[in-house]
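Coordinate inspection notes
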Amino acid sequence: MFSGTDDDQQLSGAHPHGPRHLRRSRRGRHAVPFRLRAPVPAGIRRYGVAAVAVAVMGLSTTLSSSAGPVAVPADSAAFAADAGNTGRSAADGPASRSRTRKTADSTGDATPPAAKAAPAPTKAAPAPTKAAPAPAATQPAAPAAPSPTVHAPVGGLTQAEMNNAVAIIDVARQLSLPRRAAVVGIATALQESHLRNLANPNVPQSLQHPNEGVGYDYDSVGLFQQRPSWGSVDQLMDPHESARRFFAALAQIQGWEQQAVTIAAQMVQRSAYPDAYAKWEGLAQQIVDAVMR
């Protein structure tokens, strides 16, 4: 059987529309529907999907740089798959542009985060005020150290001279000496310095100590006008220390208690005027009585 005969049979009797349908097909009227129904090669579909994805990414980058981040719709992949199944290629145009914008507008707010108003800061709680420190428990004041008793001057003495006399009597008490030792010591100091702690220009260091005037008897200083053999300048210019040295020398004289005041004083001082101490015995006794009651 010849192929032409079969074709003629198909055209004349087998085909429901007959030769008229053949004539239309040959003119190309149904060319497009025929191509759409034809299967699309897999390579073209993959190329179309890739083109759509690249277009979506480019659009997302453009929108994020100009108006903030735009969320890519979840159905973009489905849309790309549909385009691949229908055979759309990159040459057909960016079909996803209007679809992406429409989806972004419909799915959420496209306002960039920077444009949104920041939440109003909450008012900070006021800092707790520092509580005032509790008042410390009042401690009882420590008792003040007893001040030495100041005796009023007697016998025409100044207060400074009376204070020096009291210092001599205090040393006699500390050494447990009898009252007569105090009388001998005060009579001696009355004769030597009139109970004044004297410095001496011949001993410049003595001028640096508290004093009640200056004397010029060789290198003698202090209440008892003692010379360097008696001690240092610091010791001799201290009323208590100079009196202690005087009583230490008096205590070494045997039987001084039975001697007259002037003899006992002379045995210690070895003065050029041994009888001069006698005139001060009465005033010395008055001072001792006023202090040692």
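Okay, so let's go over this structure. (Residues numbered from 1 in each chain as written. Predicted model: local features only at pLDDT ≥ 70, side-chain atom pairs only at ≥ 80, totals over all residues. Heavy atoms only, no water.)

Moving on: the layout of surface pockets. Empty space within the largest pocket amounts to approximately 400 Å³. Taken together, 17 residues make up the lining of the largest pocket; nearest its centre are Glu192, Asp217, Gln269, Arg270 and Ser271. Residue assignment for the lining of the largest pocket shows that the elements contributing at least two residues are α8 (179–193) and α11 (261–269). When grouped by side-chain class, the residues that make up the lining of the largest pocket number seven nonpolar, six polar and four charged. (1 Å grid on protein atoms, 1.4 Å probe; cavity = no way out; pocket = protein on both sides within 12 Å on 5 of 7 lines; lining within 4 Å. Points joined across faces, edges and corners; volume = space filled by probe spheres on them. Helix = DSSP H or I, 4+ residues; strand = E, 2+ residues; numbered from the N terminus. Nonpolar A, V, L, I, M, F, W, Y, C, P; charged D, E, K, R; others polar.)

Grouped together as the largest cluster of nonpolar side chains are 39 residues, with contacts concentrated most on Ile168, Ile169, Ile186, Leu195, Phe247, Leu250 and Ile287. Of all the secondary-structure elements, those providing two or more residues to this core are α7 (159–174), α8, α10 (239–251), α11 and α12 (281–291). Ranked by the residues each element gives to this core, the list is headed by α8, at eight residues. Once you skip the residues sitting within four places of it in the chain, Ile186 turns out to touch Ala165, Ile168, Ile169, Leu195, Ala284, Ile287 and Val288. Counting six residues, the second-largest nonpolar core is a separate cluster that includes Ala199, Val221, Val233 and Leu236. (Core = buried A, V, L, I, M, F, W, Y, C linked by side-chain atoms within 4.5 Å. Buried < 20%, exposed > 50% of the residue type's maximum accessible area, 1.4 Å probe, protein only. Contact = heavy atoms within 4.5 Å.)

The contact between α7 and α12 brings their axes to 10 Å, and the two run at 70°. When the axis of α7 is compared with that of α12, the two are roughly perpendicular. Across from Met162, Ala165, Val166, Ile169 and Arg173 in α7, the residues of α12 making contact are Ile287, Val288 and Val291. Of the residues belonging to the contact of α7 with α12, the class tally is seven nonpolar, no polar and one charged. (Axes fitted to C-alpha atoms, helices over the stretch in contact; angles between N-to-C directions. Parallel < 35°, antiparallel > 145°, perpendicular 65-115°, else oblique.)

Okay, the environment of His240 next. Secondary-structure assignment places His240 in helix α10. Each C-alpha atom of the pair His240 and Asp170 lies 8.1 Å from the other, and the pair is 70 residues apart in sequence. Contact partners of His240, with chain neighbours within four places excluded, come to Ala167 and Val171.

With 13 residues, α10 ought to run about 18 Å at 1.5 Å a step, and its terminal C-alpha atoms sit 18 Å apart, in line with that. Buried residues along α10 sit against α7, α8, α9 (233–236) and α11. The distance from a side-chain oxygen at the start of α10 to the backbone nitrogen of His240 is 3.2 Å, and the residue carrying that oxygen is Asp238. (Expected span 1.5 Å × (residues − 1). Polar contact = N/O pair within 3.5 Å; in protein donor to acceptor, adjacent residues only side chain to side chain.)

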